[in-house]
Amino acid sequence: MNPTPQRWWLLGYLRREWPTLGAGSCLMSLRALVLLALPWPMKAIIDNVIFQHPLERWLAPLLASPLRHRVLLLDELALGMLALGGLDALLVYAGNRVLLNAGQRVMFAIRFNLFAHLQRLPLAFHRNRRSGDLNLRMSEDVKQLQDFISSLGIDLLPHAVTVLGMAAVLLLLDWRYALLTLAAAPPLLIITIIFSSKLRHAVRQVRQHDGALNGIAQEILACVQVVQAFSRETHEEERFSAQADKSLRAGQAANRVQAQFGAAMGLAITGATALITWYGALRVLDGRLSAGELLVFLAYLRGFATPARQLAKTGRVSSRALIAMERIGECLAEQSPLTEPEGVLAPPHPVRRISLRQVGFGYQPGQNVLRDISFDLMAGRMVALAGATGSGKTTIVSLVPRFHDPSSGAVLFDGVDSRALPLSYVRQQVALVPQEPALFQATIWENIAYGRLGAGREDALGAARDAGLQPLLDRLPEGIDTMVAERGGGLSGGQRQCVAIARALLSTAPVVILDEPTSSLDAATERQLSAAIARLCRQRAVLIIAHRLSTIIQADEILLLEQGRITERGPHRDLMKRQGAYAQLWTMLHGAHGAGLPQAANQ
Ligand SMILES: Nc1ncnc2c1ncn2[C@@H]1O[C@H](COP(=O)(O)OP(=O)(O)O)[C@@H](O)[C@H]1O
Ligand SMILES: [Mg+2]
């Protein structure tokens, strides 16, 4: 993936939420002020109620005098504490709600954009990635960011404000003592910085291993039939547990750092507390500080400790969030090589002719899977590709809807390079039946209707009938309303192909591409489909990969592919007359004169 992951992309999302984030932060800052006021009634209880010092001048008109109405003053102060406590609870509640909701909205926005981005990335990207790891990025990593955004507002901000306020108040009370107290802050900060960076490293390892583990699990479950057929459960368990082990060890390493962090923080805090209490008590004995003021100091100190611990927690959350930002940023920064020209309008009409001109292609640079491929597709014509497995047929087909770009030559849509057209236009011109058709977890008719936006059950039924699939559907328990399980489960390979073909027939795309569409069909169904394809050819261009006589024989042009090159081309009869490689292949597959066909064996 991208070697320089970006972190700042998150700011854009935060900016969009600024009113709520701002409101939440205001509420939380107000709460910090309440926390600041909280120890003061207690100070007055000690100094004015218990030791009966006179009230400060500005308080005297507001409260009962301790000298005459001690109990009344105590009641007033206790009520004051209660009121502050209530206000605190209210602010916590409102602030939490606002910030948590904002965090959630940011999370969903990121998740949506990540999903939208990922599903537009080219097939080459998805083939090289483990979908389990991508899933983890979309779920867990995004969740980490949500935690981070909420905790920034809920924990870090109010505590930072509290600390600043406390420092100011303490300095006013007794600056010497205050400086000593504040001297505890830098060591805490240093501890946080050191451990945060360690923790980040550890968390990165954890996420990587978790991603790999997710990937393995997803892959094994997707291939569960092969695993069971070859009794490889134990082997897969070993593979899984080997990765799980790495994951566990990485997790333990992260836990160790986290535990060290907590312990170091705890130690520093108690040490500082002991020192400060000792010195404060000395100052009370010297008469430079009242007992109540010491209480304020100690209460604030506890107040310091909370944000310090919070800092540890925030350090943990933010370490995870930084890694999540990296991992999501990597995906978001991934650019599709299938660039689109800006501001180019799609042609107003469907394409009439697609031409491949001296196309060369390799999946890796320097590799040549296709060389010098040229042919034309136009309405009313059927072009067939034949050739051994691995000769490059599927690859040619994938260049037409621009799943890949040719490395030399060009694919022209009505004479315009497909790279100069909007990608959506290019894709809309082509209906594809892939070699391994994928179905959604939905009814059969819904799967067929996917071929055309807005198509309904009746349209799907019509397409299935056109393709001659009615007898096949009748054999299914609920016909066209049968539910397809995940990844097309519950249907035979042939049935899956039929659904995919009906889907392509339903689409209005002017070009239909079929990649070995009949390889799993019985001879009778295949013949019906061939007839449907021939009908299709009257209005549309068809590019078909097939081995069987009944399908291929009606092609206007057959291209024989050998190791990525077209070695022979022409209609069936001409190619047979040439007695070349095509004729040889043909004889090998179907017997000397195609006798007994089209019941030929599956390829
Ligand atoms: N995604 C891919 N990455 C790298 N190589 C590939 C990929 N897909 C196919 N190939 C290679 O390209 C060649 C042609 O494959 P393909 O077009 O699928 O053949 P066919 O459809 O004729 O059986 C094969 O050698 C195959 O190994
Ligand atoms: Mg193929």
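Since the structure is predicted, the reported quantities are computational estimates derived from the model, not experimental observations.

What follows deals with the overall build of the protein. Helix and strand counts for the protein come out as 21 helices and 10 strands. A compact globule built from 603 residues would reach a C-alpha radius of gyration of about 25 Å, whereas the protein, at 36 Å, exceeds it by more than 25%. Counting only C-alpha atoms, the protein reaches 120 × 50 × 45 Å along its principal axes. Out of the 603 residues belonging to the protein, those deemed buried represent 36%. Within the protein, contacts between residues separated by at least 24 positions form 76% of all contacts whose residues are at least 6 apart in sequence.

This part takes up the sheet that holds strand S3 (residues 382-387). Across the sheet, which stays open at both edges, the six strands sit in the order S6-S7-S8-S3-S9-S10 with mixed pairing between neighbours. What marks the edges here is a single partner per strand, and that holds for strand S6 (430-433) and strand S10 (565-570). Each strand of the sheet is rotated relative to its neighbour by a mean of 15 degrees, with strand direction disregarded. Judged from the five bridges that link them, strand S9 (residues 557-562) and S10 form a sheet pairing that is antiparallel. From the neighbouring strand, Leu 559 faces S10, where its bridge partner is Arg 569. Across the sheet, helix H18 (residues 523-539) lies against S3, strand S7 (511-515) and strand S8 (541-545), angled at about 145 degrees from S8, the strand it touches most.

Take the site of ligand 1 next. As a structural note, the neighbourhood of ligand 1 is formed by Arg 127, Tyr 363, Val 369, Gly 387, Thr 389, Gly 390, Ser 391, Gly 392, Lys 393, Thr 394 and Thr 395. Counting residues per element, the shell around ligand 1 draws most heavily on helix H12 (residues 393-399), which supplies three residues. Its residues assigned to classes, the shell around ligand 1 comprises two nonpolar, seven polar and two charged.

This part takes up the environment of Leu 529. Looking at the secondary structure, you find Leu 529 in helix H18. Taking the C-alpha atoms as reference points, Leu 529 and Thr 551, separated by 22 residues in sequence, lie 8.5 Å from one another. Leu 529 has contacts with Ala 467, Gly 468, Ile 501, Thr 518 and Leu 521, leaving out every residue within four places of it along the chain.

This part is about the domain arrangement of the protein. Assigned domains within the protein: domain 1 (9-333), domain 2 (349-429 + 511-524 + 540-603) and domain 3 (437-508). Placing a centre on the C-alpha atoms of domain 1 and another on those of domain 2 gives a separation of 61 Å.

Our focus in this paragraph is unusual backbone geometry. Positive phi, normally seen in glycine, also occurs at Asp 372, with a value near 50 degrees. For Asp 372, the location among the structural elements is in strand S2 (residues 370-378). Owing to 15 C-beta atoms within 10 Å, Asp 372 belongs among the partly exposed residues under this scheme. Its identity is not glycine, yet Asp 414 carries a phi of approximately 50 degrees, on the positive side. Residue position: Asp 414 is located in the loop between strand S4 (408-413) and strand S5 (416-417). Looking at Asp 414, the number of C-beta atoms within 10 Å reads 15, which means it is partly exposed.

Moving on, we come to the pairing of S4. Relative to S4, strand S1 (residues 353-361) runs antiparallel, the two sharing five bridges. Residue pairing in the sheet places Arg 357 in a bridge with Ala 410 of S4. Two strands pair when backbone bridges link them, and S4 and S5 are joined in this way by two bridges, in the antiparallel orientation. Across the sheet, residue Phe 413 finds its bridge partner in S5, namely Val 416. Between the end of S4 and the start of S5, which pair antiparallel, lie two residues, with Asp 414 showing a positive phi angle near 50 degrees.

Right, let's talk about the packing of helix H2 (residues 18-37) against helix H6 (residues 131-173) for a bit. Packing of H2 against H6 brings their axes to within 8 Å, and their N-to-C directions diverge by 40 degrees. Relative to H6, H2 is oriented oblique. By crossing handedness, the relation of H2 to H6 is classed as right-handed. Residues Leu 21, Gly 24, Ser 25, Met 28, Ser 29, Arg 31, Ala 32, Leu 33, Leu 35 and Leu 36 of H2 form the contact with H6, whose participating residues are Gly 153, Ile 154, Leu 157, Pro 158, Val 161, Thr 162, Gly 165, Met 166 and Val 169.

For the rest of this paragraph, the subject is the packing of helix H7 (residues 175-182) against helix H10 (residues 233-285). As a packed pair, H7 and H10 sit with axes 10 Å apart at the nearest point and diverge in direction by 170 degrees. Taken together, the axes of H7 and H10 are roughly antiparallel relative to one another. For the pair H7 and H10, the contacting residues are Tyr 177, Leu 180 and Thr 181 in the first and Ile 276, Tyr 279, Gly 280 and Arg 283 in the second. Taken together, the residues that form the contact of H7 with H10 break down as four nonpolar, two polar and one charged.

Taking 1.5 Å of rise per residue, the 51 residues of helix H4 (residues 70-120) would be expected to cover 75 Å, and the 74 Å separating its terminal C-alpha atoms lies within 8% of that figure. Every buried residue of H4 is listed here: Leu 73, Leu 77, Leu 91, Gly 95, Val 98, Leu 99, Ala 102, Gly 103, Val 106 and Ile 110.

Pairing in this open sheet of four strands is antiparallel, and the strands run S2-S1-S4-S5 from one edge to the other. Each edge of the open sheet is held by one strand with a lone partner, namely S2 and S5.

This brings us to the environment of Gln 528. Turning to its location among the elements, Gln 528 is positioned in helix H18. For Gln 528, a count of 18 C-beta atoms within 10 Å translates into the label partly exposed. A sequence separation of 62 residues divides Gln 528 from Asp 466, and the C-alpha atoms of the two residues are 9.3 Å apart.

Rules used throughout
Sequence order sets the numbering: in each chain, residues are counted from 1 along the sequence as written. All chains are assigned letters beginning at A, and all ligands numbers beginning at 1, according to the order in which they are written. Only residues with pLDDT of at least 70 get local features here, since the model is predicted, and only at 80 or more are side-chain atom pairs given and counted; chain-wide, interface and lining totals rely on the full set of residues. Secondary structure elements are defined from DSSP: runs of H or I of at least 4 residues count as helices, runs of E of at least 2 residues count as strands, and each element is numbered from the N terminus. Based on C-alpha atoms, the radius of gyration is set beside the globule rule, defined as 2.2 Å times the residue count to the power 0.38. Around each residue's C-beta, the other C-beta atoms within 10 Å are counted; 20 or more make the residue buried, 12 or fewer make it exposed, and counts in between make it partly exposed. All C-beta atoms are placed from the backbone. Working definition of a contact: two residues with C-beta atoms, positioned from the backbone, lying within 7 Å. Note on pairing: DSSP must find at least two bridges between two strands before they are called paired. Here the axes come from fitting lines to C-alpha atoms, over the contacting stretch only for helices, and the angles between their N-to-C directions go from 0 to 180 degrees. As a rule, any residue with its backbone-derived C-beta atom within 6 Å of a molecule or strand is reported as near that molecule or strand. Each residue is assigned to one of three groups, with Ala, Val, Leu, Ile, Met, Phe, Trp, Tyr, Cys and Pro labelled nonpolar, Asp, Glu, Lys and Arg labelled charged, and all others, Gly among them, labelled polar. Delimitation of the domains relies on an automatic or database domain assignment. What sets the label is the angle itself: under 35 degrees gives roughly parallel, over 145 gives roughly antiparallel, 65 to 115 gives roughly perpendicular, and the rest give oblique. Crossing handedness: left-handed means the near helix sits turned counterclockwise from the far one by under a right angle, and right-handed means the same turn made clockwise. To estimate how far a helix should reach, multiply one less than its number of residues by 1.5 Å.

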